[in-house]
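# Structural overview
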Amino acid sequence: MASTSAESLLEHCLAGRPWPEQLLDGLIAEEGNRALFRIVVERLGDLFEPRLCNVYADLFADVIARRIPELHAGHLVARYARVRKPRKLDREPASVFVLSRVTLGADAAITSVLLDAAKKRFPNSQIWFVGPHKSWELFAADPRLGHLPIGYGRSGTLDDRLSIWPQLRQAVSKPNSIVIDPDSRLTQLGLLPICPEEDYYFFESRAYGGDGAEPLSTLARRWAGETFGVQDAQPYINTGLDAAGYACTVSFGVGENPDKRIADPFEEELLKQLPRPILIDKGGGGEEAQRVERAVARAGSRITMWDGSFAGFAAHIQKSRLYVGYDSAGGHVAAACGIPLISIFAGYASERMFQRWRPSGAGPITVIRGSEVDQAFSPASRLIASMIP
């Protein structure tokens, strides 16, 4: 029932029609608000259409105001219209708070670019990474950064997700400071006010770049140049963790989205073609780990399964000669580190989502659409050999 209501609400949003209040009322209720995020909110963002940013703002400002009575929907929308406009920074703050995007891939592809820009633009400022510990681990060895831990449950209820607002606001609203928000879920994509407007710099990643085809890392760099005058900000990681130099690192993780997968026996057949030794991430457990175990069992020898932290796996990616995987955090880490990579990209919601989320970096990158897999990997050995230095 909740999924049906969410699909109906999404139809109204995409068509630009006013939505019936009872639809939103039902989805805000306990049994429906997860569907609101999964079906409506994520879809509006994944399409990367600038007009849908306005639709999202109208919709979710109403949602927020219903759950946090001190906030007014009209005021939130008016504020959003102001802060979404890029502007130049003309002062040197003592503290710079950079919000996490919460997901590992987005923090590698986008947040790291803005961290790099902050370090270059503010050499004497204290720079804080604000977000979950799992994301912080990607940057934990960077001596320029401090960590301000703010947890966020991506599978939590609406009230759970909004409950961090008082803590976040208190943590970052400091004298002589600025907040850099890369379209973070911590602020519900820029809607929650967490500091004075003059101290808030918002990279609206869903609309910035308009109808162009640039990937998000490139757009984040351009925005950093427009806002902070830093033209050469780059994605990076700095885990400080020891790692072995495998010939190939692999991830078949799909972030609970089965549409990103290529049907069996693709994974085991691909593993057979890759150079040894291989390190493959087992992922988050459950069905994903079982898939990896089956593919490894059928693909031959000299394949090691990684069952540790993502930061630890990222350190191994950084030392490997080649990375191969579905569209996921691992691909963005490889791109940030300049590691040759093959990204298999399926299950995207729109062409612009494909263009925005494809990995971008200094190393050789081959992106293969799901519909082109058979052609691209025939013969597989030729493509793979061409990618290895």
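The structure we're discussing is the one just above.
Residues numbered from 1 in each chain as written. Predicted model: local features only at pLDDT ≥ 70, side-chain atom pairs only at ≥ 80, totals over all residues. Heavy atoms only, no water.

## Re the overall build of the chain
When helices and strands are counted, the chain shows 17 helices and eleven strands. For the chain, whose C-alpha radius of gyration is 21 Å, the value lies close to the compact-globule estimate of 21 Å for 389 residues. Overall size of the chain, expressed as C-alpha extent along the three principal axes, is 60 × 55 × 35 Å. Among the 389 residues that make up the chain, the fraction classed as buried is 57%. Excluding contacts between residues fewer than 6 apart, the proportion of contacts in the chain whose partners are at least 24 apart in sequence is 67%. Accessible area for the chain stands at about 15,700 Å²; split by element, carbon and sulfur atoms hold 49% of it. Across the chain, 44 positive and 46 negative side-chain charges occur, with their mean positions spaced 4 Å apart. (Helix = DSSP H or I, 4+ residues; strand = E, 2+ residues; numbered from the N terminus. Rg over C-alpha atoms; globule rule 2.2 N^0.38 Å. Buried < 20%, exposed > 50% of the residue type's maximum accessible area, 1.4 Å probe, protein only. Contact = heavy atoms within 4.5 Å. Areas by Shrake-Rupley, 256 points an atom, 1.4 Å probe, with all protein chains shown as cover. Lys, Arg positive; Asp, Glu negative; His and termini not counted. Charge placed at Lys NZ, Arg CZ, Asp CG, Glu CD.)

## A few points about helix H5 (residues 73–83)
Within the span of H5, buried status applies to Leu 76, Arg 79, Tyr 80 and Val 83. Along the long axis of H5, the arc covered by the buried residues comes to 105 degrees, so they all point the same way. (Arc of directions from axis to C-beta.)

## Remarks on the environment of Leu 52
Among the secondary structure elements, Leu 52 is positioned in helix H4 (residues 50–67). Overall, Leu 52 belongs to the buried group, its relative accessible area being 1%. Each C-alpha atom, one on Leu 52 and one on Arg 302, is 48 Å from the other, the two residues being 250 residues apart in sequence. Apart from residues no more than four positions distant in its own chain, Leu 52 is found in contact with Cys 13, Leu 14, Leu 44 and Leu 47.

## Here's the deal with the state of the cysteines
As enumerated under the stated definition, the model contains zero disulfides in all. Of all cysteine sulfurs, the one in Cys 53 lies closest to Cys 13, which takes part in no disulfide; the gap is 13 Å. (Disulfide = S-S within 2.5 Å.)

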